[in-house]
Amino acid sequence: SFAKDLPIGFDVAEIFHSDTEAFIKSLKIEMKTDFAGSFVALIDGEWAATAWLAKPEQDADWCGHSMTGVHPDYRRRGLVKALKQAGFDWARRKGLTAIHTHQQESNAPMLDLNRRLGFEVKTCMVTMRREIMLSAESRKHENQTSASDS
């Protein structure tokens, strides 16, 4: 259910393993999650929302949000706002001065929330994509183009 909150092309199975041990290992190692600064909202025992903070790099005065997500049934109720604010408080207590987050431009509600919480756009990353031509004719054309470029 958090798939909508993940970047396009991101495999949900890479984060949400059916094996709990593998899931925790992924959070600790691949996502560098700091569990003390990460928060989950449970409603009637169901995982409704989460905001995970990554461990700060050594000597860094900031950390990053490694994941924020809300179950579709619980969106627009202020859960993520409360969880992010808990993360701000935790980071402040650790002596950090900033939290970075990455945001998909297509997720307008989260962009709006992050702006209302004081996040500012600092850099922009552009993802570019090139379709790969598979036909024999296309490969022949590409080989000719490559040869003429050298």
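Everything here concerns the structure above.
Cut-off values and rules
Residues numbered from 1 in each chain as written. Predicted model: local features only at pLDDT ≥ 70, side-chain atom pairs only at ≥ 80, totals over all residues. Heavy atoms only, no water. Salt bridge = Lys/Arg side-chain N within 4 Å of Asp/Glu carboxyl O. Helix = DSSP H or I, 4+ residues; strand = E, 2+ residues; numbered from the N terminus. Buried < 20%, exposed > 50% of the residue type's maximum accessible area, 1.4 Å probe, protein only. Contact = heavy atoms within 4.5 Å. Arc of directions from axis to C-beta. Pairing = 2+ DSSP bridges. Axes fitted to C-alpha atoms, helices over the stretch in contact; angles between N-to-C directions. Expected span 1.5 Å × (residues − 1).

*Asks:* For this particular structure, what's the right way to read the pattern of salt bridges?
*Replies:* Following the criterion strictly, the structure yields 4 salt bridges and no others. As a salt-bridge pair, Asp-89 and Arg-92 come within 2.8 Å of each other at their nearest N and O atoms. Of this pair, Asp-89 and Arg-92 both sit in helix α2 (residues 79–93), 3 residues apart, which is roughly one turn of the helix. Note on Asp-89: relative accessible area 36%, which makes it partly exposed. A salt bridge links Glu-120 to Lys-122; the shortest N-O distance between them is 3.1 Å. For Glu-120, a relative accessible area of 58% translates into the label exposed. Relative accessible area serves as the criterion here: at 66%, Lys-122 is assigned to the exposed category.

*Asks:* Help me understand the side chain of Ser-38 in this model?
*Replies:* Here Ser-38 lies in the loop between α1 (20–30) and β1 (39–43). The residues touching Ser-38, leaving out its near neighbours within four places in the chain, are Thr-33, Ala-51, Trp-52 and Leu-53.

*Asks:* I tried to follow helix α3 (residues 108–116) on my own but got confused; where do I start?
*Replies:* Counting along an α-helix, one turn takes 3.6 residues, and residues three or four places apart therefore face a common direction. Residues of α3 that are buried: Met-110, Leu-111, Leu-113 and Asn-114. For α3, the angular spread of the buried residues around the axis is 165 degrees, confining them to a single face. With respect to the buried face of α3, the exposed residues turned more than 90 degrees away are Arg-115 and Arg-116. Where α3 is buried, its residues meet β3 (62–70) and α2. One or two residues past the end of α3 sits Gly-118, with phi positive at roughly 100 degrees.

*Asks:* Can you help me understand unusual backbone geometry in this one?
*Replies:* Peptide bonds are, in most cases, trans, and in most cases residues other than glycine have a negative phi. A positive phi angle is found at Asp-59, which is not glycine, with a value near 65 degrees. Following the sequence through the fold, Asp-59 ends up in the loop between β2 (46–53) and β3. The backbone phi angle of Arg-76 is positive, close to 65 degrees, even though this residue is not glycine. For Arg-76, the location among the structural elements is in the loop between β3 and α2.

*Asks:* Before we go on, may I ask you to explain the sheet that holds β2 in this structure?
*Replies:* Within a sheet, each strand pairs with its neighbour through backbone hydrogen bonds, oriented either parallel or antiparallel. Spatially, 4 strands are ordered β1-β2-β3-β4 in an open sheet, and the strand pairing comes out mixed. Of all the strands in the sheet, just β1 and β4 (98–100) have a single pairing partner and so form its edges. Within the sheet, the average angular offset between the axes of one strand and its neighbour, ignoring direction, is 25 degrees. Sheet contacts for α2: β1, β2, β3 and β4; angle to β2, the most-contacted strand, approximately 35 degrees.

*Asks:* Explain α2 to me, please; I cannot follow it from the model alone.
*Replies:* Over its 15 residues, α2 extends 21 Å from the first C-alpha to the last, a length consistent with the 21 Å expected when each residue adds 1.5 Å. Taken together, the buried positions of α2 are occupied by Val-80, Leu-83, Lys-84, Gly-87, Phe-88, Trp-90 and Ala-91. Taken down its axis, α2 places every buried residue within 165 degrees of arc, on the same side. Away from its buried face by more than 90 degrees, α2 exposes Arg-92 and Arg-93. Lining the buried residues of α2 we find β1, β2, β3, β4 and α3. Backbone geometry just after α2 places Gly-95 at a positive phi near 85 degrees.

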